[in-house]
Amino acid sequence: MRFVAAFVDELDRETWSAMGVALDGEAEGAPSYHPRLLLGVWLYGFMTGVRSARKLEAACQEQLPFLWLTAMQRPDHNTLWRFYREHRSALRNLIKETVRTAVNAGLVDLAWQAVDGTKMRGNAAKAYNASQLEHLLAKTEGEIAKLEAQNAGDGEAQVPRLPRELSNARSLRERVKRALERSRAAKGPKQVSLTDPDAGLLKGHKSWVLGYNSQAVASPLKGSGRGACLITAVDVSGKGSDNHQLVPMVDRAAASLGEYATVTLADTGYHSGSNLEALKARGQVGVVPEIPNHNPRGAYNREFFSYDKATDSYLCPQGETLRYAGRKTNRRGEPTRTYMAQAESCRHCPAFGECTTNWRHGARYPSRLPRKTCGHIVCGWRAKPLRNSTS
């Protein structure tokens, strides 16, 4: 709170003029709240998570830090909102300036920074592909035709106002058309939401999320206790992968800090050779774990098994035959063909332990085996999903 007050007090007239704020106020009219007061309330509100104009109004009446910042004055939510609405873009730049001020004051440790992202649900419950949008558009056209027929008069004067049902149907038609144009575009999304067009279908930890991928960069604060960090950059995108977000987020953080941090920490979602090379070119050390190999069988991977179309079987690198054992359904619901070797042969195979570790029930429950094992015991790995061939 005192940091915010000192920061606002140190802003010169050039900064206020760039924001479009007159410090002296108007010569006529009722006394107004000083811009330093309103700016301090908004900055401290953003720092403490109070970002609603009505909540800030209540905080200026109840919370001691806000009472101290306002000198016991109590601006209402309309006054606070008008100030923010008129100077929205300038306030965003000013919030970035607080990060630079903290760096210049020696409060931020630039020895390292951490990058991470999280999936956030958008204002949408369903996404439609092109065929679904075409069906919805045809259905909407039919509903509009029915409503227009119901509202058509026999020689009577036209209604002065469009009925609500017909207005809503026409609005829906326009939204469906725009969504259909986006889905048909060359680089457009395959699925589009009608209520939140910018939201993307992203894969989360447990399920798919129709929303956004929110990214943040944080650096530790000096002398603020264990785990205290300052967010130096944020971004939101509709792309589910974190891999392409690392370098842009590092550059955003450098733009706020004025320099690059020495070490950048990230999880496996950001691992790639191009990302590590880009960090090296910026004079940074990237600490990013490699992507785990869920099928670490090396020479016993699926690509090293040869297929015999005449007998509909596979031959493993050790010379064992894998015979067709039936169809299964993978996690995506796609049918696959499963091939298995004899359990006895696998247990005595010199590759046992490298190719598979299941020696008891693999032949009975191939679809229930851990991901590190193949489909049976060794080699009942799943073939490619069925398309137009049976191999």
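Predicted model only: the values in this text are computed from it and were never measured. (Residues numbered from 1 in each chain as written. Predicted model: local features only at pLDDT ≥ 70, side-chain atom pairs only at ≥ 80, totals over all residues. Heavy atoms only, no water.)

S.K.: Where do I start with the overall build of the chain in this structure?
M.R.: The number of helices and strands found in the chain is 12 helices and 10 strands. Evaluated residue by residue, the chain yields a buried proportion of 37% over its 391 residues. Long-range contacts, defined as pairs at least 24 residues apart, comprise 56% of the intrachain contacts of the chain with a sequence gap of at least 6. Element-wise, carbon and sulfur atoms account for 49% of the exposed surface of the chain, whose accessible area totals about 24,300 Å². (Helix = DSSP H or I, 4+ residues; strand = E, 2+ residues; numbered from the N terminus. Buried < 20%, exposed > 50% of the residue type's maximum accessible area, 1.4 Å probe, protein only. Contact = heavy atoms within 4.5 Å. Areas by Shrake-Rupley, 256 points an atom, 1.4 Å probe, with all protein chains shown as cover.)

S.K.: In this structure, what is going on with the packing of helix α4 (residues 53–62) against helix α6 (residues 77–86)? I would like to understand it.
M.R.: Angle between the axes and distance between the axes are the two parameters that describe a pair of packed helices. One way to put it is that α4 packs onto α6 with a least axis distance of 8 Å and a crossing angle of 125°. The angle between α4 and α6 places the two elements in the oblique class. The interaxial crossing formed by α4 with α6 has right-handed handedness. In this structure, α4 contributes Ala53, Arg54, Leu56 and Glu57 to the contact, and α6 contributes His77, Leu80 and Trp81. Here the contact of α4 with α6 is composed, by residue class, of 4 nonpolar, 1 polar and 2 charged. (Axes fitted to C-alpha atoms, helices over the stretch in contact; angles between N-to-C directions. Parallel < 35°, antiparallel > 145°, perpendicular 65-115°, else oblique. Left-handed = near helix turned anticlockwise from the far one by under 90°. Nonpolar A, V, L, I, M, F, W, Y, C, P; charged D, E, K, R; others polar.)

S.K.: I would appreciate a short explanation of the side chain of Ser219 in the present structure.
M.R.: Mapped onto the fold, Ser219 is located in strand β3 (residues 208–220). Setting aside its immediate chain neighbours within four residues, Ser219 contacts Val108, Asp109, Trp112, Gln113, Cys229, Leu230, Thr232 and Leu257.

S.K.: Any chance you could explain the layout of surface pockets here in plain terms?
M.R.: To locate leftover empty space, one rolls a probe as large as a water molecule over the atoms. Looking at the largest pocket, its volume works out to about 1,200 Å³. What lines the largest pocket is a set of 34 residues, among which Ile95, Lys96, Thr98, Val99 and Ile231 lie closest to the centre. Contributing elements (two or more residues each) for the lining of the largest pocket: α1 (2–9), α3 (35–48), α7 (88–104), β3, β4 (229–237) and α10 (246–257). Of the residues belonging to the lining of the largest pocket, the class tally is 21 nonpolar, 6 polar and 7 charged. (1 Å grid on protein atoms, 1.4 Å probe; cavity = no way out; pocket = protein on both sides within 12 Å on 5 of 7 lines; lining within 4 Å. Points joined across faces, edges and corners; volume = space filled by probe spheres on them.)

S.K.: Would you mind showing me how to read the pattern of salt bridges here?
M.R.: For side chains bearing opposite charge, pairing can occur when the charged atoms are close. Taken as a whole and assessed by the stated rule, the structure comprises 3 salt bridges. When the shortest N-O distance is used, the salt bridge between Arg252 and Asp235 registers 3.6 Å. With Arg252 in helix α10 and Asp235 in strand β4, this pair connects stretches of sequence that are 17 residues apart. Look at Arg252 and you get partly exposed, because its relative accessible area is 38%. The residue Asp251 makes a salt bridge to Arg282 at a minimum N-O spacing of 2.8 Å. Here Asp251, found in helix α10, pairs with Arg282, found in the loop between α11 (273–281) and β6 (285–287); they are 31 residues apart in sequence, far enough to count as distant. Residue class for Asp251 comes out partly exposed when judged on its relative accessible area of 28%. Looking at Arg282, the relative accessible area reads 27%, which means it is partly exposed. (Salt bridge = Lys/Arg side-chain N within 4 Å of Asp/Glu carboxyl O.)

S.K.: I would appreciate a short explanation of the sheet that holds strand β9 (residues 321–329) in the present structure.
M.R.: Hydrogen bonds between backbone groups are what pair the strands of a sheet, and the pairing can be parallel or antiparallel. In spatial order, the strands read β7-β8-β9-β10; together these 4 strands make up an open sheet with antiparallel pairing. Sheet topology places β7 (306–308) and β10 (335–340) at the edges, where each strand pairs with a single neighbour. Across the sheet, the axes of successive neighbouring strands diverge by a mean angle of 40°, strand direction being ignored. Pairing analysis gives 3 bridges linking strand β8 (residues 313–315) to β9, with the strands arranged antiparallel. Bridge pairing in β9 links Leu315 to Thr321. (Pairing = 2+ DSSP bridges.)

S.K.: Would you mind going over unusual backbone geometry with me for this structure?
M.R.: Note: most residues except glycine have negative phi, and most peptide bonds are trans. Here Ala71, not a glycine, exhibits a phi torsion of approximately 55°, which is positive. Along the chain, Ala71 falls in the loop between α5 (64–69) and α6. Ala71 sits in the exposed class, given a relative accessible area of 56%. Positive phi is not limited to glycine here, since Met72 has a value of about 70°. Tracing the sequence through the fold places Met72 in the loop between α5 and α6.

S.K.: Hey, could you run me through the packing of aromatic side chains in this one?
M.R.: Each aromatic ring pair is specified by the distance between its two centres and by the angle formed by the two planes. Throughout the structure, instances matching the rule amount to 9 aromatic pairs. These aromatic residues form a ring-pair network of at least three members: Trp42, Phe46, Trp81 and Tyr84. (Phe/Tyr/Trp six-rings, centres within 6.5 Å; stacked < 30°, edge-to-face > 60°.)

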